[in-house]
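Summary of structural features
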Amino acid sequence: MGTRTAVKICGLTRPDDVDAAVEAGADAIGFVLYPPSPRHVTPERAAELAARLPAFVTPVLLFVNTPAAEVLAAAAAVPGALVQFHGDETPADCWAATGQGQLAFLRAARIPLDPGTPPFDLTGFARRFDRARAILLDAHVPGYGGGGRTFDWSLLPAAPDSHLVLSGGLTPGNVTEGIRTLRPLCRTLSVDVSSGVEAAKGVKDHGKIREFITAVREA
């Protein structure tokens, strides 16, 4: 079981926010390349922002049902980028859009919010996407993305062989509980935050970023 929880700050659109996240200690910075999102940036803008990152801070490019050729073209402009698939992509789609394994990728899983639904088959999902670097856990809401909603972490089954990324409704106030709940269930755990550290959609609150990363480190 990993003892250190890596942090990804997602939905960056401004240079100052990228710099603030890096200064606060973020391990990864996410750029949303999904046009309907209020945090959307173009591939060109993502490349400009990613160029500000120092060594050992990873850029992550988020796509939703994007054609493979577009994914590959965007990733080619951002050296060292991870790719995050957040739509309905199949394992075959992910493999094609990463150039048959030339790019490492994350695959988002949409966890039901309704307690009356059957438990999410995390083991089966992870087995289907066994080429993914990690499985990102987000709330299942209409559309794509977690909508700033949390799911019931206590209902998630153990996945001792999986690298997981907890997302969906995280804030400086609840991330400690999330880490303590999920870390014993998996091989390693990371966290991913967007709306929980914002002043407005696409505009980050630098104080909240620092508070969030401090809470993760203390957990």
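Residue numbers here run from 1 along each chain, matching the order of that chain's written sequence. Owing to the predicted nature of the model, reporting of local features is limited to residues with pLDDT of at least 70; listing and counting of side-chain atom pairs is limited to 80 or more, with chain, interface and lining totals taken over all residues. Working from all heavy atoms in the structure, the side-chain values ignore hydrogens and water.

Numbering of helices and strands runs from the N terminus, with a helix taken as a DSSP run of H or I at least four residues long and a strand as a DSSP run of E at least two residues long. Along the backbone of the protein there are 7 helices and 10 strands. What you see for the protein is a C-alpha radius of gyration of 16 Å, in line with the 17 Å of a compact globule of 219 residues. Only protein chains enter the accessibility calculation, which uses a 1.4 Å probe; a residue is then buried when its area is under 20% of its type maximum, exposed when over 50%, and partly exposed in between. Among the 219 residues that make up the protein, the fraction classed as buried is 51%. By definition, residues are in contact when any of their heavy atoms lie within 4.5 Å. Pairs at least 24 apart in sequence give 64% of the contacts found in the protein among residues at least 6 apart. With residues, only the protein chains shown are counted as cover, and all accessible areas are computed by Shrake-Rupley using a 1.4 Å probe. Total accessible area on the protein is roughly 9,900 Å²; 52% of this is exposed by carbon and sulfur atoms. This count recognises Lys and Arg as positive and Asp and Glu as negative, with His and chain-terminal groups excluded. By convention, charge coordinates are those of NZ in Lys, CZ in Arg, CG in Asp, or CD in Glu. The centroid of the 21 positive side-chain charges in the protein is displaced by 2 Å from the centroid of its 23 negative side-chain charges. We compute the radius of gyration from the C-alpha atoms alone; for a globule the expected value is 2.2 Å times N to the 0.38, where N is the number of residues.

Turning to the pattern of salt bridges, a few remarks are in order. Salt bridge, as applied in this entry: a Lys or Arg side-chain nitrogen positioned within 4 Å of an Asp or Glu carboxyl oxygen. As enumerated under the stated definition, the model contains 9 salt bridges in all. For arginine 52, the salt bridge identified is with aspartate 19, shortest N-O distance 2.6 Å. With a gap of 33 residues between them, arginine 52 in the loop between helix H2 (43-50) and strand S3 (58-63) and aspartate 19 in helix H1 (residues 15-24) connect regions that are remote in the sequence. The residue glutamate 89 makes a salt bridge to arginine 107 at a minimum N-O spacing of 3.9 Å. Here arginine 107 lies in strand S5 (residues 105-111) and glutamate 89 lies in the loop between strand S4 (82-85) and helix H4 (91-97), a separation of 18 residues in the sequence. Considered together, glutamate 89 and arginine 107 belong to a single accessibility category, that of buried residues. Salt bridges sharing common partners tie together Arg4, Asp27 and Arg217.

Here we take up the packing of aromatic side chains. Stacked, tilted and edge-to-face pairs are distinguished by plane angle, under 30 degrees for stacked and over 60 for edge-to-face with tilted covering the rest, among Phe, Tyr and Trp rings (Trp via its six-membered ring) whose centres lie within 6.5 Å. Enumeration according to the criterion identifies 3 aromatic pairs in this entry. With centroids separated by 4.8 Å and ring planes inclined at 35 degrees, the aromatic side chains of phenylalanine 125 and phenylalanine 129 adopt a geometry described as tilted. Residue class for phenylalanine 129 comes out buried when judged on its relative accessible area of 3%. Members of the aromatic cluster, joined through ring pairs, are Phe120, Phe125 and Phe129. When the ring centre of tryptophan 95 is taken as origin, the NZ or CZ atom of arginine 131, which lies over that ring, is 3.8 Å away. Our definition puts a charge over a ring when NZ of Lys or CZ of Arg is within 6 Å of the ring centre and also within 35 degrees of the ring normal.

Glancing now at helix H7 (residues 206-218). Here the expected length of a helix is defined as 1.5 Å per residue gap, with one fewer gap than residues. In this model H7 runs 18 Å from its N-terminal to its C-terminal C-alpha over 13 residues, within 8% of the 18 Å that 1.5 Å per residue would give. Residues of H7 that are buried: Ile209, Phe212, Ile213, Ala215 and Val216. Each buried residue of H7 lies within a common arc of 155 degrees when the element is viewed along its axis, so the set occupies one face. The residue sitting at the N-terminus of H7 and contributing the capping side-chain oxygen is aspartate 205; that oxygen lies 2.9 Å from the backbone nitrogen of glycine 207. Here, the arc refers to the directions that run from the helix axis to the C-beta atoms. Polar contact is defined as a pair of N or O atoms within 3.5 Å, subject to the rule that within protein one atom must be able to donate a hydrogen and the other to accept it, and that residues adjacent in sequence are counted only when both atoms are side-chain atoms.

The computed volume of the second largest pocket comes to approximately 340 Å³. Throughout, the protein atoms alone are placed on a 1 Å grid, and a set of points is a cavity if a 1.4 Å probe fits but cannot get out or a pocket if it is open with protein on both sides within 12 Å along at least five of seven lines; lining residues have an atom within 4 Å of a point. Around the second largest pocket sit 17 residues that line it, and Ala6, Leu82, Leu106, Val165 and Ser190 are the ones nearest its centre. Every element with two or more residues in the lining of the second largest pocket is listed here: strand S1 (6-9), S3, strand S7 (159-166) and strand S8 (186-193). Under the scheme applied here, ten amino acids are nonpolar (Ala, Val, Leu, Ile, Met, Phe, Trp, Tyr, Cys and Pro), four are charged (Asp, Glu, Lys and Arg), and all others, including Gly, are polar. Residue composition of the lining of the second largest pocket, grouped by class: 10 nonpolar, 4 polar and 3 charged. Grid points are joined across faces, edges and corners, and a volume is the space filled by probe spheres set on the points.

Of all 5 residues that make up strand S2 (residues 28-32), 5 are buried, and the element is covered over most of its length. Taking every second residue as pointing to the same face, both faces of S2 are buried, with Ala28, Gly30 and Val32 on one and Ile29 and Phe31 on the other. Between S1 and its parallel partner S2, the chain crosses via H1, and the hand of that crossover is right-handed. If DSSP finds at least two bridges between two strands, the strands pair. When S2 meets S3, the two strands line up parallel, connected through 5 bridges. Looking at the pairing, glycine 30 lines up with valine 60 of S3. Assessed by its sense of winding, the connection that carries the chain from S2 through H2 to S3 is right-handed. Handedness is read with the strands pointing away from the viewer; a crossover is right-handed when the path from the first strand over the helix to the second is clockwise.

Next up on the list: H1. Buried within H1 are the following residues: Asp17, Val18, Ala20 and Ala21. Projected onto a plane normal to the axis of H1, the buried residues spread over an arc of 165 degrees and lie on a single side. Within H1, the exposed residues directed more than 90 degrees away from the buried face are Asp16 and Glu23. Of the surrounding secondary structure, the elements contacted by the buried residues of H1 are S1, S2, H2, strand S10 (203-204) and H7. Just past H1, the residue glycine 25 takes up positive phi, approximately 110 degrees.

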